Amino acid sequence: MSEFVVPTPLPQDMTTAPTSKPSRRPAHGRSSAEARIVRSIGEAIADRRLPPGTKLTEESLAEAFGVSRERVRKVLLLLAQRRVVTLVPNRGAFVAKPTPKEAREVFEARRVIERAIMERLQSFPLPLPPEMLDRLREHGALEDEAERAADRKAMIRLSGQFHLLLADFAGNATLAAILADLIDRSGLAIAAFERRSAHTCSAEDHRRLIAVLAGTAPGEAAALMTRHLDSVEAQLDLDPKADLPIDVRAVFAGEPA
Ligand SMILES: [Zn+2]
């Protein structure tokens, strides 16, 4: 685990979208400064600037965000409750490192939540209202642009935002808040277990979902979303054997002494 030196300052809003939406929902009852820091850390985790296992010192975060260490402590506690950060007694806070089992659980939970979100959306009269479709298409265009430019960080950030945008439109704030946490945790799972050639969400799948919600393509949105999440999970190397402790002697068996 390497000591993480926070670049100063972390960008406050890393979205390239023309408006500030979709936003991470501020945690209920938290100050907006804390919500902003939580969101920034969540995005930095998602796009790998903070890989799993990175040490997060109160001091460097306080400096990066221009807030007190007390406030950073509150943020770290909140992130620990969301299992994005692990607090180790006497050692401090680290970006969580999920096990393969936890990673599978996160994707299973995302399928349940996002299926419900798509069922809600598809129960609205289709096509969806033009302002929603415009927003989804604008977002799709940004994803295409990031894909063309092979801007991996933007692709990761935008693909998470696409899913949150759908959750916002579905109009169930509780589902959307649960999904925001799950997206952060799936970002961690992807960072920890993706195969080398993986590219996470496909912009093509997102276009297809938009077309179904626009009524311009046949299909069942919930089933499409389930398949989409299956394909993201399939890019991860979640071999159940990876849950077992590594026998160091076995790893080096057969090598000349
Ligand atoms: Zn996606």
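Computed from a prediction, not measured in an experiment: that's the story for all the values here.

Enquirer: Can you break down the confidence of the model for the protein chain residue by residue, with the values?
Expert: For the protein chain, per-residue confidence averages 83 on the pLDDT scale, and residues scoring 70 or more make up 81% of the total. Within the protein chain, the element-level pLDDT minimum falls on helix α10 (residues 248-251), averaging 67, and the maximum on helix α4 (residues 100-123), averaging 96. When the criterion is pLDDT under 50, residues 1-29 qualifies, and its contacts beyond four places in sequence or with other chains add up to 61 contacts.

Enquirer: Summarise the sheet that holds strand β1 (residues 55-56); cite the residues concerned and give the values.
Expert: Strands sit in the order β1-β3-β2 across an open sheet of 3 strands; the sheet is antiparallel. Edge positions in the sheet fall to β1 and β2 (85-88), since each of these pairs with one other strand and no more. Pairing geometry for β1 and strand β3 (residues 92-95), over 2 bridges, is antiparallel. Across the sheet, Leu-56 pairs through a bridge with Ala-93, a residue of β3. Against the sheet, helix α3 (residues 69-81) engages β1, β2 and β3, with an angle of about 110° to β2.

Enquirer: With reference to specific residues and values, describe the coordination of the zinc ion.
Expert: Within the first shell, the zinc ion binds the protein through His-163 (NE2), Cys-201 (SG), His-206 (NE2) and His-228 (NE2), at distances of 2.0 to 2.2 Å. Note that the zinc ion binds 4 donor atoms; their angles at the metal cover 103 to 116°, and the shape is tetrahedral. Taken in chain order, the donor set of the zinc ion reads H-x37-C-x4-H-x21-H. With His-163 in helix α6 (residues 152-170) and His-206 in helix α8 (residues 203-213), this residue pair connects regions lying 43 residues apart in the sequence. Its relative accessible area of 1% is what places His-163 among the buried residues.

Enquirer: Run through the nonpolar core, naming residues and quoting values.
Expert: Counting residues in hydrophobic clusters, the biggest one holds 32 residues, and the most contacted among them are Ile-117, Met-118, Leu-121, Leu-136, Leu-166 and Leu-213. Breaking this core down by element, the ones donating at least two residues are α4, α5 (130-148), α6, α7 (173-193), α8 and α9 (221-234). Here this core takes 7 residues from α6, the largest share from any one element. Those residues in contact with Leu-136, other than ones at most four positions away along the chain, are Leu-128, Phe-162, Leu-165, Leu-166, Phe-169, Ile-210 and Leu-213. Judged by nonpolar contacts, the second largest core, of 23 residues, contains Leu-61, Val-75, Leu-78 and Ala-93.

Definitions and limits used
- Residues numbered from 1 in each chain as written.
- Predicted model: local features only at pLDDT ≥ 70, side-chain atom pairs only at ≥ 80, totals over all residues.
- Heavy atoms only, no water.
- pLDDT = per-residue confidence, 0-100.
- Helix = DSSP H or I, 4+ residues; strand = E, 2+ residues; numbered from the N terminus.
- Contact = heavy atoms within 4.5 Å.
- Pairing = 2+ DSSP bridges.
- Axes fitted to C-alpha atoms, helices over the stretch in contact; angles between N-to-C directions.
- Donors = N, O, S within 2.8 Å, 3.2 Å for Na, K, Ca; no water.
- Tetrahedral: all angles 85-135°; square planar, octahedral: opposite > 155°, others 65-115°.
- Buried < 20%, exposed > 50% of the residue type's maximum accessible area, 1.4 Å probe, protein only.
- Core = buried A, V, L, I, M, F, W, Y, C linked by side-chain atoms within 4.5 Å.

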